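Structural characterization, general
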Amino acid sequence: MIEIDDKIVSADLLRECFACDLETCRGICCVEGNSGAPLEAEELGELETEYPNYRSYMTPEGIAAVEEQGFAVLDEEGDLTTPLIGGAECAYACSEGGITFCAIEKAWRDGRTPFRKPVSCHLYPIRLIRFSNGSIGLNYHRWEVCAPARACGRRLGIPVYRSLREAIVRRFGEEFYHALEAAEQHLKES
């Protein structure tokens, strides 16, 4: 573990490799699982406010799930997560060419909303943990459905954190990202 300011970072984010390979995995991470994607409390307002801008990208089943369950649900641990369709697929998922994408992000790419997608989805496979002292842990979540991303990352030599530069900067800022680069360099030299 590496401590940077009030963040505890798993060294695996610097050592392990990862690069999404949508052609192989087909976006299965938005379809499988036993809980929706974690949401930050402030994202709930954005999901609701921006709904008219991304709703048309969603599937009829996803729209029904949101209208029935709301923009977020509490999971088994009492955490806010995205609602699911039939206990599996994220309500905000959509499909194109056999690949599952985030409907919110598709609307964002088309300039229809300023909200890109939940930050936990953008950061995946990094999972955040909030500690009682206010610090945040950044862990590397290994899920079998992401085996193609690990293989692709190894082939390209891209560490987890580098493949998630944009998401890390979005959530923690440019200075924190540079601190991760320095930590990676320090690990290589030790």
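Quick notes on the rules
- Residues numbered from 1 in each chain as written.
- Predicted model: local features only at pLDDT ≥ 70, side-chain atom pairs only at ≥ 80, totals over all residues.
- Heavy atoms only, no water.
- Axes fitted to C-alpha atoms, helices over the stretch in contact; angles between N-to-C directions.
- Helix = DSSP H or I, 4+ residues; strand = E, 2+ residues; numbered from the N terminus.
- Parallel < 35°, antiparallel > 145°, perpendicular 65-115°, else oblique.
- Contact = heavy atoms within 4.5 Å.
- Nonpolar A, V, L, I, M, F, W, Y, C, P; charged D, E, K, R; others polar.
- Buried < 20%, exposed > 50% of the residue type's maximum accessible area, 1.4 Å probe, protein only.
- Salt bridge = Lys/Arg side-chain N within 4 Å of Asp/Glu carboxyl O.

1. A word on the packing of helix H9 (residues 165–172) against helix H10 (residues 174–189)
Axes are the key here: two packed helices are described by the angle between their axes and the distance separating the axes. Where H9 meets H10, the axes come as close as 7 Å, and the angle between the chain directions of the two elements is 130°. With respect to their mutual orientation, H9 and H10 come out oblique. For the pair formed by H9 and H10, the contact residues are Arg165, Ile168, Val169 and Phe172 on the first element and Glu174, Phe176, Tyr177, His178 and Leu180 on the second. Looking at side-chain class alone, the contact of H9 with H10 contains six nonpolar, one polar and two charged residues.

2. Some remarks on the side chain of Thr82
Along the polypeptide, Thr82 turns up in the loop between strand E4 (80–81) and strand E5 (84–85). The exposure class of Thr82 is buried, given its relative accessible area of 1%.

3. So, the pattern of salt bridges
Under the defined criterion, the tally for this structure stands at 17 salt bridges. Of the charged contacts, one joins Lys117 and Glu105 as a salt bridge, the two residues approaching to 2.9 Å between their closest N and O atoms. Taken together, the residues Lys117 in the loop between helix H5 (103–109) and helix H6 (119–123) and Glu105 in helix H5 connect sequence positions twelve residues apart. Just as Lys117 is buried, Glu105 falls in that class too. In this structure, Glu181 and Arg162 form a salt bridge, with 3.6 Å as the shortest nitrogen-oxygen distance. Placement of the pair is Glu181 in helix H10 and Arg162 in helix H8 (residues 160–163), with a sequence separation of 19 residues. By relative accessible area, Arg162 is classed as partly exposed at 35%.

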